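# Summary of structural features
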Amino acid sequence: MARGYVALAFFDELASGMPTAGASDVLSQLHLRATAYAIAVFAIPQVFAMLVETPLLRWSDRRRDLRDKLIALGLLGMAASMVIESSAHDVVTLAIGVALFFPSTGVATAPGEGALVDANPDDAERSMSRWSLLGYAGDVATPLAIAALGFAHATSATALVLVVAAALAAFTRTSHAA
């Protein structure tokens, strides 16, 4: 399954771009000024991630035996954040959704990258090139999804896919290096 974790890069970039690619929808639906939007989508989430994500990643690096479960937990956190973002009716709820996303994506993607490299250390460069390529594809897909579905529907659809991915990760075993 470790090779399947490369898809995390696509979903990470797809989901992380929703608030920015959907900025015009968010600004008009929530009647926000650009400053309030920037604080909710960038400043608050960055500070929250700085406080929460670093200790989580330090701990997860020591618990490689829990990689699959951590990835699943991160994906569920990403899905929950997308649901919160898509249903936000005010700037505080939007900030909470985006703030939850930041450490959740770190908990999902950092162990996923580690599992990819550990699964085939002699092919690490190729694995990370695939990771980058799928990340770029997610970046391109985000505005297309927003254009096709609108912000609320695109984030809801992404949340559903993340829940399925979390279930797959939770019930899959990868080889773990000690």
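Residues numbered from 1 in each chain as written. Predicted model: local features only at pLDDT ≥ 70, side-chain atom pairs only at ≥ 80, totals over all residues. Heavy atoms only, no water.

Let us look at the overall build of the chain. Check the secondary structure of the chain and you find 8 helices and 0 strands. Of the regular secondary structure in the chain, the N- to C-terminal order runs α-α-α-α-α-α-α-α. In terms of overall size, the chain behaves like a compact globule, its C-alpha atoms giving a radius of gyration of 16 Å where 178 residues would be expected to give roughly 16 Å. Along the first, second and third principal axes, the C-alpha atoms of the chain reach 50 × 30 × 25 Å. Long-range pairs, those at least 24 residues apart, make up 80% of the contacts in the chain between residues at least 6 apart in sequence. (Helix = DSSP H or I, 4+ residues; strand = E, 2+ residues; numbered from the N terminus. Rg over C-alpha atoms; globule rule 2.2 N^0.38 Å. Contact = heavy atoms within 4.5 Å.)

Their axes nearest at 9 Å, the elements helix H6 (residues 91-119) and helix H7 (residues 124-149) cross at an angle of 145°. For H6 against H7, the interelement crossing comes out right-handed. For the pair formed by H6 and H7, the contact residues are Thr109, Gly112, Glu113, Leu116 and Val117 on the first element and Ala124, Ser127, Met128 and Trp131 on the second. In terms of residue class, the contact of H6 with H7 is built from 5 nonpolar, 3 polar and 1 charged. (Axes fitted to C-alpha atoms, helices over the stretch in contact; angles between N-to-C directions. Left-handed = near helix turned anticlockwise from the far one by under 90°. Nonpolar A, V, L, I, M, F, W, Y, C, P; charged D, E, K, R; others polar.)

In this section: the layout of surface pockets. Each pocket or cavity is described by its volume, and for the largest pocket that value is around 250 Å³. Those elements that place two or more of their residues in the lining of the largest pocket are helix H1 (7-16), helix H2 (18-21), helix H4 (34-62) and H6. Ranked by the residues each element gives to the lining of the largest pocket, the list is headed by H6, at 7 residues. Grouping the constituent residues of the lining of the largest pocket by class yields 9 nonpolar, 5 polar and 3 charged. Of the volumes computed, that of the second largest pocket is approximately 160 Å³. Elements with a minimum of two residues in the lining of the second largest pocket: H4, helix H5 (67-86) and H6. Class assignment for the residues of the lining of the second largest pocket results in 9 nonpolar, 4 polar and no charged. (1 Å grid on protein atoms, 1.4 Å probe; cavity = no way out; pocket = protein on both sides within 12 Å on 5 of 7 lines; lining within 4 Å. Points joined across faces, edges and corners; volume = space filled by probe spheres on them.)

For the rest of this paragraph, the subject is the packing of aromatic side chains. Counted by the stated rule, this structure contains 2 aromatic pairs. Ring centres of Phe10 and Phe11 lie 5.1 Å apart, and the angle between their planes is 85°; this geometry places the pair in the edge-to-face category. Taking the centre distance of 6.5 Å and the plane angle of 85° together, the rings of Tyr37 and Phe42 count as edge-to-face. The exposure class assigned to Tyr37 is buried, which follows from its relative accessible area of 8%. Given the relative accessible area of 40%, Phe42 is considered partly exposed. (Phe/Tyr/Trp six-rings, centres within 6.5 Å; stacked < 30°, edge-to-face > 60°. Buried < 20%, exposed > 50% of the residue type's maximum accessible area, 1.4 Å probe, protein only.)

Here we take up the pattern of salt bridges. Throughout the structure, instances matching the rule amount to 3 salt bridges. Among the ionic pairs, Asp123 bridges to Arg126, the shortest N-O distance being 3.9 Å. (Salt bridge = Lys/Arg side-chain N within 4 Å of Asp/Glu carboxyl O.)

We now examine unusual backbone geometry. Although it is not a glycine, His31 sits at a positive phi angle of roughly 55°. Relative to the elements of secondary structure, His31 occurs in the loop between helix H3 (23-30) and H4. Judged by relative accessible area, His31 falls into the exposed class, the value being 72%.

Mean pLDDT over the chain works out to 86, with 93% of the residues at or above the 70 mark. Taken element by element, the chain is modelled with least confidence in helix H8 (residues 151-170), mean pLDDT 79, and with most confidence in H6, mean pLDDT 91. (pLDDT = per-residue confidence, 0-100.)

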